[in-house]
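# Observations on chain architecture
As a plain string of letters, each chain reads:
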Amino acid sequence: SQQGEEDPQALSIQEGENATMNCSYKTSINNLQWYRQNSGRGLVHLILIRSNEREKHSGRLRVTLDTSKKSSSLLITASRAADTASYFCATYTGANSKLTFGKGITLSVRP
Amino acid sequence: DVKVTQSSRYLVKRTGEKVFLECVQDMDHENMFWYRQDPGLGLRLIYFSYDVKMKEKGDIPEGYSVSREKKERFSLILESASTNQTSMYLCASSFRLAGVSYNEQFFGPGTRLTVL
């Protein structure tokens with residue numbers, strides 16, 4: 001069952017621009033996480049935001065969480081060609097240690 | 001750094017063969033997971049384990065089994081491989097504290113399995 005749904009499915013921007021990706025989910029969560037996957041590789045954890053947090057920063061990443069709307073956004077500022085990857089949101093409900101992943105967003109950053 | 005390794009990056013097998021995918025993590029994590037990733041479907045959980053010899057079915061366990069004899073090693077077994085099991089397989093691990101898992105999952109590089 002798909003808990004997180006990312007939007008848009010694909011995003012193409014110019015280097016230096018900001019990239020905003022959204023994730024919506026259906027049930028109450030304990031935390032929400034964002035991951036990056038470079039082509040053909042495993043996923044790398046980027047940032048985790050807990051249900052009692054509204055915003056979190058890590059370097060050029062900013063994540064917001066709106067539990068009333070059941071949505072999150074990931075902002076990458078001043079994007080670089082190296083940010084080209086797929087990005088996944090994943091939700092943790094606190095049950096059985098499981099994360100439920102969305103289908104991912106493909107971000108292309110043009111040099 | 002946490003390291004999760006998978007036995008093969010690429011694997012080609014024939015229909016009906018028994019296939020073993022091995023995953024090893026070096027951070028003493030309690031939880032280990034097997035996912036498959038297919039275009040347009042994202043990551044889907046096959047099985048997971050939160051302790052040695054323990055296993056739980058994920059969302060798509062049919063056609064797969066797992067083994068966890070040691071804490072650091074989690075194996076995925078395809079008893080009789082079929083073409084619809086052609087996919088990217090990802091292993092992950094995570095830490096468990098006081099019986100609760102909050103933390104991020106650490107992923108291996110993936111095994112791209114092709115079943116002919």
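Let me begin by describing the structure that accompanies this report. (Residues numbered from 1 in each chain as written. Chains lettered and ligands numbered in written order. Predicted model: local features only at pLDDT ≥ 70, side-chain atom pairs only at ≥ 80, totals over all residues. Heavy atoms only, no water.)

Across all of its chains, the model carries eight aromatic pairs over all chains by this definition. Between A:F101 and B:F107, the ring centres sit 5.9 Å apart and the planes meet at 80°, which makes this aromatic pair edge-to-face. Of this pair, A:F101 sits in strand β10 (residues 99-101) while B:F107 sits in strand β10 (residues 106-107), placing the two residues on different chains. In this pair, the class of A:F101 matches that of B:F107, namely buried. (Phe/Tyr/Trp six-rings, centres within 6.5 Å; stacked < 30°, edge-to-face > 60°. Helix = DSSP H or I, 4+ residues; strand = E, 2+ residues; numbered from the N terminus. Buried < 20%, exposed > 50% of the residue type's maximum accessible area, 1.4 Å probe, protein only.)

Moving on to the pattern of salt bridges. Residues and elements named next belong to chain B. Tallying each qualifying case throughout the model produces eleven salt bridges over all chains. For E79, the salt bridge goes to K18, with nearest N and O atoms at 3.5 Å. In this pair, E79 sits in the loop between β8 (73-78) and β9 (87-94) while K18 sits in the loop between β2 (10-13) and β3 (19-25), placing the two residues 61 residues apart along the sequence. E79 sits in the partly exposed class, given a relative accessible area of 43%. Of the residues examined, K18 reaches a relative accessible area of 44% and is grouped as partly exposed. Among the charged side chains, a salt-bridge network with shared partners connects D28, E30 and K71. (Salt bridge = Lys/Arg side-chain N within 4 Å of Asp/Glu carboxyl O.)

Quick look at the sheet that holds strand β3 (residues 19-24) of chain A now. Residue and element names in this part refer to chain A. Spatially, five strands are ordered β1-β3-β8-β7-β6 in an open sheet, and the strand pairing comes out antiparallel. Both outer strands of the open sheet, β1 (5-7) and β6 (55-58), are each paired with one neighbouring strand and no more. If you compare each strand with its neighbour and ignore which way they point, the axes differ by 20° on average. Pairing between β6 and strand β7 (residues 61-66): four bridges, direction antiparallel. In the strand pairing of β7, E55 is matched with T64. (Pairing = 2+ DSSP bridges. Axes fitted to C-alpha atoms, helices over the stretch in contact; angles between N-to-C directions.)

The subject of this paragraph is the side chain of B:Q105. Tracing the backbone through its elements, the reader meets B:Q105 in the loop between β9 and β10. Here the side chain of B:Q105 touches B:Y35 through a polar contact of 2.8 Å, side chain to side chain. (Polar contact = N/O pair within 3.5 Å; in protein donor to acceptor, adjacent residues only side chain to side chain.)

Take the state of the cysteines next. As enumerated under the stated definition, the model contains two disulfides over all chains in all. Disulfide pairing places A:C23 opposite A:C89 at an S-S distance of 2.0 Å. Sign of the S-S torsion, about 60° for the bond between A:C23 and A:C89, identifies this disulfide as right-handed. Of this pair, A:C23 sits in strand β3 while A:C89 sits in strand β9 (residues 85-92), and the two are 66 residues apart along the sequence. Here A:C23 falls in the buried class, since its relative accessible area comes to 2%. One disulfide bridge connects B:C23 with B:C91, the sulfur atoms lying 1.8 Å from each other. Measuring handedness by torsion sign, the sulfur bridge of B:C23 and B:C91 sits at about -75° and is left-handed. Highlighted residues: B:C23 in strand β3 and B:C91 in strand β9, separated in sequence by 68 residues. We classify B:C91 as buried; its relative accessible area is 0%. (Disulfide = S-S within 2.5 Å.)

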